[in-house]
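# A structural walkthrough
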Amino acid sequence: MASGTKRKYYMLGGKGGVGKTSCAASLAVKFANNGHPTLVVSTDPAHSLSDSFAQDLTGGTLVPVDGPEAPLFALEINPEKAREEFHDASQKNGGTGVKDLMDGMGLGLLVEQLGELKLGELLDTPPPGLDEAIAISKVMQFLESQEYNMFTRIVFDTAPTGHTLRLLSLPDFLDASIGKILKLKQKLASATSAIKSVFGQESNQEDSAGKLERLRERMVKVRELFRDTESTEFVIVTIPTVMAVSESSRLHSSLRKENVPVKRLVVNQILPASGSDCKFCAMRRKDQMRALDMIKSDPEISNLKLIQAPLVDMEIRGVPALRFLGDIVWR
């Protein structure tokens, strides 16, 4: 993973509480210590990157992480702050403030096309998927902005399964939505032009449609990025319990349907071998072995590269601890 030249984006996901953030942060440290300028991004509304790095990463901006050999930056996307901004914007000028906010996310044109509606009433509360829309806008920035060209590795610490699947399917939804708007505009274009020509006004349909088409192209780029087997990999993180393994199997099935490339399955918190087990540890180990056997016999995930990460006797917090974990997990 560190020595490859083409693969740049790594997305780590799974159910809540399996240690995605620790795995993502340790992978980012591993990349940085192998000479890759790296960015680790949290798209999880319940951020814990700051806790993992023992450093304040809040604020929604790039923050340099102290410690690794190559540059390592972290970014926590702050959906709560965005929700507050969205609510405030919806109160301004009958909702037109929403367009300014969405403009900043690169999605303003969608709002612009709905300008005839009373946005203040409709968008008083953020629509479902706003968190993912913000994350998508950041991905678009990564693809287009010179600021992010320095990074040869970008690691995503994604939200729990449901949010992640919405994030991955959103480009398709927006692409389809823009496509419908463009078709509608084409149908209305001739009638609108005829009416405006009577009053001697120039139509700006072409310019508006052109902007929408460009946004659609950007969405297609993001969608292709998520499915690009050379530049992107999704790593599933789980723990050795029957429930967690079952969810991981369903997640892989959904990712496969979305054509998202998955190669590795990290099973976290495995009890280390011991010569003298207490009754509790023996029962836990028996349960964990049953879960590992499930993985081997599950046709959905048995073909993934299995990485077993042990339960460690220390809190994984700060760059030295993350380096220690990364050396165990990401060999």
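Above this text is the structure in question.
Residues numbered from 1 in each chain as written. Predicted model: local features only at pLDDT ≥ 70, side-chain atom pairs only at ≥ 80, totals over all residues. Heavy atoms only, no water.

## Some remarks on the overall build of the chain
Each helix and strand counted, the chain has twelve helices and eight strands in total. Residue pairs at least 24 apart in sequence account for 77% of intrachain contacts in the chain once pairs closer than 6 positions are excluded. (Helix = DSSP H or I, 4+ residues; strand = E, 2+ residues; numbered from the N terminus. Contact = heavy atoms within 4.5 Å.)

## Regarding the packing of aromatic side chains
For any pair of aromatic rings, geometry is given as the distance between the ring centres together with the angle between the planes. One pass over the structure, following the stated rule, counts six aromatic pairs. Residues phenylalanine 73 and phenylalanine 151 carry aromatic rings whose centres are separated by 5.8 Å and whose planes lie at 75° to one another, so their mutual orientation is edge-to-face. Separated by 78 residues along the polypeptide, phenylalanine 73 in strand β4 (residues 72–76) and phenylalanine 151 in the loop between α7 (130–144) and β5 (153–157) bring together distant segments of the chain. A relative accessible area of 2% means that phenylalanine 151 is categorised as buried. Judged by centre distance (6.4 Å) and plane angle (35°), the ring pair of tyrosine 148 and phenylalanine 151 falls under tilted. (Phe/Tyr/Trp six-rings, centres within 6.5 Å; stacked < 30°, edge-to-face > 60°. Buried < 20%, exposed > 50% of the residue type's maximum accessible area, 1.4 Å probe, protein only.)

## A look at the pairing of strand β2 (residues 38–42)
Counted residue by residue, β2 has five buried out of five residues, so it is predominantly covered. Side chains Thr38, Val40 and Ser42 project from β2 onto one buried face, and the interleaved Leu39 and Val41 project onto a second face that is buried too. The pairing of β2 with β4 spans five bridges and is classified as parallel. Among the inter-strand pairings, valine 40 is bridged to a residue of β4, identified as alanine 74. Where β2 and β5 come together, five bridges link them in parallel fashion. Considered in β5, the bridge of valine 41 is made with phenylalanine 156. (Pairing = 2+ DSSP bridges.)

## Details of the packing of helix α1 (residues 20–33) against helix α12 (residues 319–329)
Two elements in contact, α1 and α12, have axes whose closest approach is 8 Å; the angle formed by their N-to-C orientations is 90°. Classified by the angle between their axes, α1 and α12 sit roughly perpendicular to one another. Facing α1, whose interface residues are Ser22, Ala25, Ser26, Val29, Lys30 and Asn33, α12 presents Val319, Leu322, Arg323, Leu325, Gly326 and Asp327. Tallied by class, residues from the contact of α1 with α12 come to five nonpolar, four polar and three charged. (Axes fitted to C-alpha atoms, helices over the stretch in contact; angles between N-to-C directions. Parallel < 35°, antiparallel > 145°, perpendicular 65-115°, else oblique. Nonpolar A, V, L, I, M, F, W, Y, C, P; charged D, E, K, R; others polar.)

## A look at the pattern of salt bridges
Counted by the stated rule, this structure contains seven salt bridges. Residues arginine 227 and glutamate 258 are paired through a salt bridge, measuring 3.3 Å at the closest nitrogen-oxygen approach. One end of the pair, arginine 227, is in helix α9 (residues 205–227); the other, glutamate 258, is in the loop between α10 (242–257) and β7 (262–270), and 31 residues separate them in sequence. For the salt bridge of arginine 290 with aspartate 287, the shortest nitrogen-to-oxygen distance reads 3.4 Å. Within this pair, arginine 290 and its partner aspartate 287 are both found in helix α11 (residues 279–297), separated by three residues, close to a single helical turn. What emerges from the salt-bridge pattern is a single network uniting Asp172, Arg223, Arg227 and Glu258. (Salt bridge = Lys/Arg side-chain N within 4 Å of Asp/Glu carboxyl O.)

## Side note on the sheet that holds β4
Here we have eight strands laid out as an open sheet, ordered β3-β4-β2-β5-β1-β6-β7-β8, and mixed in their pairing. Each end of this open sheet is capped by a strand with a single partner; those strands are β3 (63–64) and β8 (305–310). Packing of α10 onto the sheet brings it into contact with β1 (9–13), β6 (232–238) and β7, and relative to β6 it is tilted by some 160°.

## Looking at the pairing of β1
Burial of β1 is extensive: five of the five residues sit out of reach of the surface. Residues Tyr9, Met11 and Gly13 point to one face of β1 and Tyr10 and Leu12 to the other, with burial holding for every one of them. Relative to β5, β1 runs parallel, the two sharing four bridges. Among the inter-strand pairings, tyrosine 9 is bridged to a residue of β5, identified as isoleucine 154. Sheet topology note: the β1/β6 ladder contains five bridges and is parallel. By the bridge assignment for β6, tyrosine 9 is matched with threonine 232.

## What about unusual backbone geometry?
Residues other than glycine predominantly adopt negative phi, and peptide bonds predominantly adopt the trans conformation. Its identity as a non-glycine residue notwithstanding, asparagine 259 has a phi of 60°, on the positive side. Its location among the elements puts asparagine 259 in the loop between α10 and β7.

## Structural notes on the packing of α10 against α11
The interhelical angle for the contact between α10 and α11, taken along N-to-C directions, is 20°, at an axis separation of 9 Å. Of the possible angle classes, the one that applies to α10 and α11 is roughly parallel. The element α10 and its partner α11 pack so that their crossing is right-handed. Contact residues: α10 offers Val242, Val245 and Ser246, while α11 offers Arg290, Ala291, Met294 and Ile295. (Left-handed = near helix turned anticlockwise from the far one by under 90°.)

## A word on the nonpolar core
Counting residues in each nonpolar core, the largest one holds 45 residues, and the members touching the most others are Phe142 and Phe234. Every residue in contact with phenylalanine 142, bar those within four places of it in the chain, is listed here: Tyr9, Leu39, Val41, Leu75, Tyr148, Ile154 and Phe156. By size, the runner-up hydrophobic cluster in this structure holds 35 residues, among which are Phe31, Leu57, Val63 and Ala321. (Core = buried A, V, L, I, M, F, W, Y, C linked by side-chain atoms within 4.5 Å.)

## Side note on the environment of tyrosine 148
Take tyrosine 148: it is sitting in the loop between α7 and β5. If we skip the residues at most four places from it in the chain, tyrosine 148 touches Lys8, Leu39, Leu62, Gln141 and Phe142.

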